[in-house]
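Listed here are the chains, written in short residue letters.
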Amino acid sequence: MSLSVTQDTLRLRCLNLAKRIANNLATRQLKTGHFEQPDFYAKAFAVNLWHRIDPVKFGPNIDRALPALKSEPRDKTWHREFIEYALLDTPGLSSDTIADILQGAKQQCPDVANWQILGLINRQKRNAGLTAKLLNHAHFAFILLRYWRAQVFMDRPDCFSAQYHAFCAALLSDSPHKRHQRIANRATEMLAQLAGTHGFVNLLGRGAGQSFGAACGLYVLLKTGSHNEAEAILHRLEDAGLTAGELPLNLLAPAPLPENPGPENPQTPGWYSYNRHDDYLAFAGYWLLKASQLLAPKIRSHAPETTAKNIITQFSSSYYHAQMTLCGRQNFDVSGTPVIVSGQGKSARLLLPPTGGEQNAASLYDQGSQPLPAIGETEFSRFLQTRQISENKIDVSFELAGIVGHRTIEFQNARVIVSDQIPDCAANEVELFRILIDGNIGLTQIAKNTIICPELGIKLIASAPLHMIPQATFSAAGPATRISAKTGQGHNVTLAISWGDSDA
């Protein structure tokens, strides 16, 4: 198969997936023009998707959606920047129609990178005057100063999210401004590393595993010629859609949408109080359709090495791929344990999933989802600092019961070694590690200190007895098995996760 045919095949697969989403949205739309579930901006991006795919076939859907969009109250939940971006990019919509819909809606302008970029691009599209150009230059300079850190977009100041990094890269890559595109290309190099051969491109930070971040990553990687990484992400999107019967909100926990989706429902992991399924369907469809319309670039076999000092660390071998964030403000920003994908390619499996969740928003996660030591189910560790002390070694400091402890994580070719140390605490009270394993992976305890996973060829051996509790809590991938250790022989315990015939 030639390279050009491969590119054509990828674009066709993106188009087919976008069409399925468009049809799904049309089916989900009510006679009122709204969707089954509440949404923030789904109607605007659905209108864009329907217009671009088939304005005749979806004409009735469009005619219902526009007045429904206009009828919504212009309160603080009305996502002006998102809605305006979708409408300005929709062919066939008059400026009067757009102005009528946006009338009375204020810009939200939160201190979040993607919102700021949306506002910038919207202003550039609606106003080409000299004053606007000067303001746009100043606004972009502010965005770079506040959120850009050498190949990485911060979600919020000092907080990284792979999903929103991909979103920012897609927005700037799709911009006609050359400077925007140059920044996007640099940001895309990091996405190529995060996706690797396995295609899980958005495992770190806020919104881990959610579908629209994967679609944004796919778009920019395909546009810049990172063919292998783009195809890996597309496989994850298609596979999750096949499993769930539709594109799920979270690719890590693909399941049919229940009647009452939301953070209170155990069947919807990866959801938070501000998530809307139709928003993410329409938004993912928007970027998939754009990906299907890209010109074939020169194929790039792999991204060059990049760095994001003090923000992200990664380690890859033929056995596994590990990622961690090193800074942030909330528990979901910082990695207490690495996110680990076992294996390579399409057969790769999520082993240590994203954990912790967004505790400042309603979700299935609670403090028990924190992968750090605790005392029972009442007293949990608090992150203090995560730092990289060598190329393959991380130190995490935490506080528990007023005492500072340390976790070191060492990445080797065929194993990951985690050591927890907390002085001056009663050893029989503290549960060390409390590491979460994806609940879909079968584990067997063969000795007090040894657990094996025959399916993946993995062995876990500790210097103290291990306790394994299936479905103890939730990760972004759903129910998780918790592994912890108690010791009466000291306050320092080591756990080795080994692949293959590695000597643990």
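Refer to the preceding data block for the structure.
Residues numbered from 1 in each chain as written. Predicted model: local features only at pLDDT ≥ 70, side-chain atom pairs only at ≥ 80, totals over all residues. Heavy atoms only, no water.

### Some remarks on the pairing of strand 12 (residues 415-421)
Look at any regular strand and the pattern is simple: side chains alternate between the two faces of the sheet.
Then, in step 1: Most of strand 12 sits out of view: six of its seven residues are buried.
Then, in step 2: Note that strand 11 (residues 403-411) and strand 12 share six bridges and pair antiparallel. Bridged to Glu410 within strand 12 is Ile417.
Then, in step 3: Linkage of strand 11 to strand 12, two consecutive antiparallel strands, is achieved through a turn of three residues.
Then, in step 4: Summarising the sheet, strand 12 and strand 19 (residues 492-499) pair through seven bridges and their orientation is antiparallel. Each residue of the ladder has a partner; that of Val416, found in strand 19, is Ile497. (Buried < 20%, exposed > 50% of the residue type's maximum accessible area, 1.4 Å probe, protein only. Helix = DSSP H or I, 4+ residues; strand = E, 2+ residues; numbered from the N terminus. Pairing = 2+ DSSP bridges.)

### A short note on the nonpolar core
Then, in step 1: Within the largest apolar cluster, 116 residues are counted, with the highest numbers of intra-cluster contacts made by Trp50, Phe153 and Trp287.
Then, in step 2: Broken down by element, this core gets its largest block of residues, 10 residues, from helix 12 (residues 277-292).
Then, in step 3: Contacts of Trp287, omitting those with residues within four sequence positions, involve Tyr85, Ala170, Leu171, Asp174, Ala215, Cys216 and Tyr219.
Then, in step 4: Leu400, Val418, Ile451 and Leu460 belong to the second largest nonpolar core, which has 43 residues in total. (Core = buried A, V, L, I, M, F, W, Y, C linked by side-chain atoms within 4.5 Å. Contact = heavy atoms within 4.5 Å.)

### Some remarks on the sheet that holds strand 10 (residues 393-400)
Then, in step 1: Sheet architecture is open: eight strands sit in the order 9-10-11-12-19-16-15-14, paired in antiparallel fashion. Looking at the sheet topology across the chains shown, the edges are occupied by strand 9 (382-390) and strand 14 (444-447). Mean inter-strand twist for the sheet, computed between neighbouring axes without regard to direction, equals 20°. (Axes fitted to C-alpha atoms, helices over the stretch in contact; angles between N-to-C directions.)

### Re the packing of helix 2 (residues 42-53) against helix 3 (residues 59-71)
A pair of packed helices is characterised by two quantities: the angle between their axes and the separation of those axes.
Then, in step 1: The N-to-C vectors of helix 2 and helix 3 enclose an angle of 155°; their axes lie 9 Å apart at closest approach. Between helix 2 and helix 3, the interaxial angle falls into the category roughly antiparallel. Remark: the crossing between helix 2 and helix 3 carries left-handed chirality. Residue-level contacts link Lys43, Ala44, Val47, Trp50 and His51 of helix 2 to Asn61, Ile62, Ala65, Leu66, Ala68 and Leu69 of helix 3.
Then, in step 2: Within the contact of helix 2 with helix 3, the residues separate by chemical class into eight nonpolar, two polar and one charged. (Parallel < 35°, antiparallel > 145°, perpendicular 65-115°, else oblique. Left-handed = near helix turned anticlockwise from the far one by under 90°. Nonpolar A, V, L, I, M, F, W, Y, C, P; charged D, E, K, R; others polar.)

### Focus on the side chain of Arg206
Then, in step 1: Along the chain, the position of Arg206 falls in the loop between helix 9 (178-195) and helix 10 (211-223).
Then, in step 2: A distance of 2.7 Å separates a polar atom in the side chain of Arg206 from a polar atom in the side chain of Asp155.
Then, in step 3: Those residues in contact with Arg206, other than ones at most four positions away along the chain, are Val112, Asn114, Asp155, Arg156, Phe160, Ser161, Gln163, Tyr164, Tyr274, Phe332 and Glu358. (Polar contact = N/O pair within 3.5 Å; in protein donor to acceptor, adjacent residues only side chain to side chain.)

### Some remarks on the pairing of strand 9
Then, in step 1: Of the pairings in the sheet, the one linking strand 9 to strand 10 comprises seven bridges and is antiparallel in character. By the bridge assignment for strand 10, Thr386 is matched with Val396.
Then, in step 2: Between strand 9 and strand 10, which pair antiparallel in sequence order, lie two residues.

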